[in-house]
Amino acid sequence: MNNRHFTGLTLLLLVMALTTITGCQRNMPNAETVVGAIHEAADLATTELKVRKVAVYDSDNHEHFDLTDPTTWKLGERKCVVPVEATLTYGYDWSQITVDRVRIDEERRVLEVRLPAPKLIDAGYAEDVDESQVVCIATGLRDPIGHELIEQVKQEAFEQIKQEDYCPLIASELRTNAEVILTTIARQLGYERAIIIDDPK
């Protein structure tokens, strides 16, 4: 009698468990819900990159600099070499993820997300300058190069750095970070994981 009662209780629990699993499968979030969860969870997925450059100012030719014998410089020339360190933040804008960029693989319980192209999200440079690393020389009757000009050189160098596309250097890390975030979101919604798929060529 006790064995029958135990067996019946076991079967009942098994049926309840299967019913619960089936119900969960039926009620898995659709693409609209997934996109909403992605937008709510995060605005951006970003990765930082440090870029170090040497900025050069030459009063005779602003776009080129040669280390020559100072005795050959023209009267009134000023030259300045300044190290610049910029921080570039690249990332994916989650707000650009729409329903047509999400595919649900119900059999594998996987979210497939097609991300927008990464872009430069933010940029800045170190304002403090190690004076021992700055080389400034003024010849003739020109005034010595001061802090204002050094800041101008740094700013111009920073603007040039921003024009360069450094994203390919961190593309793999950026993609991995985004996939980790998306997998966390996917599991919260009841899926196994999320994978990133590439845009069709």
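Anything mentioned here points back to the structure above.
A brief look at the structure comes next.

Scoring rules and cut-offs
Residues numbered from 1 in each chain as written. Predicted model: local features only at pLDDT ≥ 70, side-chain atom pairs only at ≥ 80, totals over all residues. Heavy atoms only, no water. Buried < 20%, exposed > 50% of the residue type's maximum accessible area, 1.4 Å probe, protein only. Helix = DSSP H or I, 4+ residues; strand = E, 2+ residues; numbered from the N terminus. Arc of directions from axis to C-beta. Contact = heavy atoms within 4.5 Å. 1 Å grid on protein atoms, 1.4 Å probe; cavity = no way out; pocket = protein on both sides within 12 Å on 5 of 7 lines; lining within 4 Å. Points joined across faces, edges and corners; volume = space filled by probe spheres on them. Nonpolar A, V, L, I, M, F, W, Y, C, P; charged D, E, K, R; others polar. Salt bridge = Lys/Arg side-chain N within 4 Å of Asp/Glu carboxyl O. Core = buried A, V, L, I, M, F, W, Y, C linked by side-chain atoms within 4.5 Å. Expected span 1.5 Å × (residues − 1). Bend = angle between axes of the 7 residues up to and from the residue.

1. Regarding helix α2 (residues 31–41)
Moving on, step 1. For α2, the set of buried residues is Ala31, Val34, Val35, Ala37 and Ile38. Taken end-on, α2 shows its buried residues confined to a sector of 160°, consistent with a single buried face.
Moving on, step 2. Considering only its buried residues, α2 is in contact with β3 (102–105), β4 (110–114) and α4 (167–188).

2. Quick notes on the layout of surface pockets
Moving on, step 1. There is about 250 Å³ of room inside the second largest pocket.
Moving on, step 2. What lines the second largest pocket is a set of 13 residues, among which Tyr92, Leu115, Pro118, Arg175 and Asp198 lie closest to the centre.
Moving on, step 3. Of all the secondary structure elements, the ones that give two or more residues to the lining of the second largest pocket are α4 and β7 (193–197).
Moving on, step 4. Here the element with the most residues in the lining of the second largest pocket is α4; it accounts for three residues.
Moving on, step 5. Looking at side-chain class alone, the lining of the second largest pocket contains nine nonpolar, no polar and four charged residues.

3. Focus on the environment of Ile170
Moving on, step 1. Looking at where Ile170 falls in the secondary structure, it is placed in helix α4.
Moving on, step 2. For Ile170, a relative accessible area of 6% corresponds to the buried category.
Moving on, step 3. The sequence separation of Ile170 and Glu48 amounts to 122 residues, and the corresponding C-alpha distance is 8.5 Å.
Moving on, step 4. With sequence-adjacent residues up to four places away left out, Ile170 is seen in contact with Thr47, Leu49 and Tyr90.

4. A closer look at the pattern of salt bridges
Moving on, step 1. Summed over the entire model, instances satisfying the criterion amount to seven salt bridges.
Moving on, step 2. Residue Arg52 pairs with Glu85 through a salt bridge whose shortest N-O separation is 2.8 Å. With Arg52 in strand β1 (residues 44–58) and Glu85 in strand β2 (residues 78–93), this pair connects stretches of sequence that are 33 residues apart.
Moving on, step 3. Overall, the relative accessible area of 60% leaves Arg52 in the exposed class.
Moving on, step 4. Linking Lys119 and Asp93 is a salt bridge whose minimum nitrogen-to-oxygen distance equals 3.7 Å.

5. Topic: the nonpolar core
Moving on, step 1. Counting 45 residues, the largest nonpolar core has Trp94, Leu115 and Leu182 as its most contacted members.
Moving on, step 2. Every element with two or more residues in this core is listed here: α2, β1, β2, β4, α3 (147–163), α4 and β7.
Moving on, step 3. The residues contacting Leu182, other than those within four sequence positions of it, are Ile38, Trp94, Val113, Leu115, Ala194 and Ile196.

6. Considering the environment of Ala171
Moving on, step 1. Inspection of the secondary structure assignment puts Ala171 in helix α4.
Moving on, step 2. On the basis of relative accessibility, which here comes to 35%, the residue Ala171 falls in the partly exposed class.
Moving on, step 3. Note: C-alpha distance between Ala171 and Thr47 (124 residues apart in sequence) is 9.1 Å.

7. What about the environment of Glu127?
Moving on, step 1. Note on placement: Glu127 falls in the loop between β5 (119–125) and β6 (135–138).
Moving on, step 2. Note: C-alpha distance between Glu127 and Ala86 (41 residues apart in sequence) is 9.7 Å.

8. Here we look at α4
Moving on, step 1. Its 22 residues place the ends of α4 30 Å apart at the C-alpha level, agreeing with the 32 Å of an ideal helix rising 1.5 Å per residue.
Moving on, step 2. The largest bend along α4 measures about 35° and falls at Glu173.
Moving on, step 3. Buried within α4 are the following residues: Cys167, Ile170, Leu174, Ala178, Leu182, Thr183, Ile185 and Ala186.

What is shown is where atoms sit, not what they do.
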